[in-house]
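Residue-level structure breakdown
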Amino acid sequence: MAASSCSIFQSYALSLKPKTPPPPNPPPKCHFFPIKASTNSTPSPTPPKHTVSKPRRPADENIRDEARRNNHIHSHRFSAKYVPFNADASASTESYSLDDIVYRSVSGGLLDVQHDMAALKNYDGKHWRDLFDSRVGKTTWPYGSGVWSKKEWVLPEIDGDDIVSAFEGNSNLFWAERFGKQFLGMNDLWVKHCGISHTGSFKDLGMTVLVSQVNRLRKMNRPVVGVGCASTGDTSAALSAYCASAGIPSIVFLPANRISIAQLVQPIANGAFVLSLDTDFDGCMQLIREVTSELPIYLANSLNSLRIEGQKTAAIEILQQFDWQVPDWVIVPGGNLGNIYAFYKGFQMCKELGLVDRIPRLVCAQAANANPLYLHYKSGWKDFKPVKANTTFASAIQIGDPVSIDRAVYAIKKSNGIVEEATEEELMDAMAQADSTGMFICPHTGVALTALVKLRNSGVIGPTDRTVVVSTAHGLKFTQSKIDYHSKNIKDMACRFANPPVHVEADFGSVMDVLKKYLLSKAPKH
């Protein structure tokens, strides 16, 4: 797609209790806001006032020890299990414990994690809002994590000692003021920067859950020696980091020469056993499925529904960051398509449990070179057909046969959503324009911004609609694509917004001439 960088850059780049259960285990009392239980539950004891400072833990005690001391009775009032995805509850009795090693239903379909909603509904929406808000920004184990601050909705029965966390989540939601106003005529455009995370992508949100469960299974002496995944880059980075933290072997299948060096170096640095295979992601996925059915390797791809439980917390965070007000639109890049369902599930749980009264409309944005969901959507949801994914700068979504196609279709339909696509030139131009306003986004976010531009230009998204674009990875993972663009070194691409360095002779007069010309071009025009 792109040749190596041109010379202008070379010098720069050398369970459930009876009717009146007590509230869920809170963090230590000084972190627990007064919470009003619903009318069908016993009111919580009045916690200490916030003016009471939390005493510092003993010097020989770490935060896990502190959590263990404050939560010495593990009374799990909530539970969850695997069930077939989107099955008729009245007709299906199939279910599995989360401690079972199972990835598909008897029929071969996807599984989903189903929570005991009746138990969760013993507490009203205000209870859950206040509880989640009380944990934000704390270092109390494990609630300092944006994922585990919603533990009751994620893995309610796991012990805190088994959790593997880098306090992921709680990522920045920022107002994209200049980009919205200058390029779209919008005044309420926001970017949820999930790339500001431990390994630089949203995959951390799901991997902390999956690896924590594996840690639990290994302590239970279940037949799990290591954890494996097929990856286009970010999944392997997250898996290898969390496994390394827990001392669990990780095995990674990568498509040879199809991911960025910044992505490749992460699993290598974290000690993963990396296999570079002469195939694409779909080929890697087929191989890892076959291998994990024969060897004691736990499958970490999004076929495993545990990751959805962590990723859905980004949706809950968005609502929290808007003070529990619901945006009109949320736009998510889509490849293997687990993430669009995760956002739907997070929003829907908040609605069902009374935290909000509606959900936003979802948009899934795909690269035109790997667009099976888009084609399925445009066909009126006729029979789904995988595609052969062509090379795209948005390499993490270069997937032609997505595992979570059924989940994505369900999410789009249930949210009255839309699917859009972006050509290579469109996504790279959008990335460059966003960067010119102070962002530094990945190509996948360029795909999402292109979808926004198209929907805004067609009038589907209005100028005052509160819109959130989900940025799935950090731009620093994709510097080569930016170098190629600003070098105008991409074949058959105009690179209209390229901003290459200007070569100037090293003398005062030459520098002054160039600067005067530049300043004149930037001077206000009256």
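Residues numbered from 1 in each chain as written. Predicted model: local features only at pLDDT ≥ 70, side-chain atom pairs only at ≥ 80, totals over all residues. Heavy atoms only, no water.

Some remarks on the pairing of strand β1 (residues 80–84)
With 4 of 5 residues buried, β1 lies mostly within the body of the structure. Direction of pairing for β1 relative to strand β3 (residues 111–115): antiparallel, over a ladder of 5 bridges. From the neighbouring strand, valine 83 faces β3, where its bridge partner is aspartate 112. Pairing analysis gives 2 bridges linking β1 to strand β2 (residues 96–97), with the strands arranged antiparallel. When the bridges of β2 are listed, tyrosine 82 appears paired with tyrosine 96. (Buried < 20%, exposed > 50% of the residue type's maximum accessible area, 1.4 Å probe, protein only. Helix = DSSP H or I, 4+ residues; strand = E, 2+ residues; numbered from the N terminus. Pairing = 2+ DSSP bridges.)

Regarding helix α15 (residues 424–436)
What sets the pattern is the α-helix's 3.6 residues per turn: residues three or four places apart point alike. In this model, α15 (13 residues) spans 18 Å end to end at C-alpha, consistent with the 18 Å of a helix rising 1.5 Å per residue. Burial runs high along α15: 10 of the 13 residues are buried. All of the buried residues along α15 are Glu424, Leu427, Met428, Asp429, Ala430, Met431, Ala432, Gln433, Ala434 and Asp435. Looking at the buried positions of α15, the neighbouring elements they touch are α5 (177–184), β11 (361–367), β12 (418–422), α16 (443–457) and α17 (479–486). After α15 finishes, the residue glycine 438 shows a positive phi value of roughly 105°. (Expected span 1.5 Å × (residues − 1). Contact = heavy atoms within 4.5 Å.)

Quick notes on the nonpolar core
Membership of the largest hydrophobic core comes to 104 residues, with the highest contact counts inside it found for Trp153 and Tyr298. It is helix α12 (residues 338–352) that contributes the most residues to this core, 8 residues altogether. Membership of the second largest hydrophobic core comes to 36 residues, among which are Ala176, Trp329, Met428 and Met439. (Core = buried A, V, L, I, M, F, W, Y, C linked by side-chain atoms within 4.5 Å.)

Overview of the side chain of histidine 193
Tracing the backbone shows histidine 193 in strand β5 (residues 189–193). Exposure remark for histidine 193: the relative accessible area of 8% places this residue in the buried category. With sequence-adjacent residues up to four places away left out, histidine 193 is seen in contact with Ser171, Asn172, Phe174, Ser471, Ala473 and His474.

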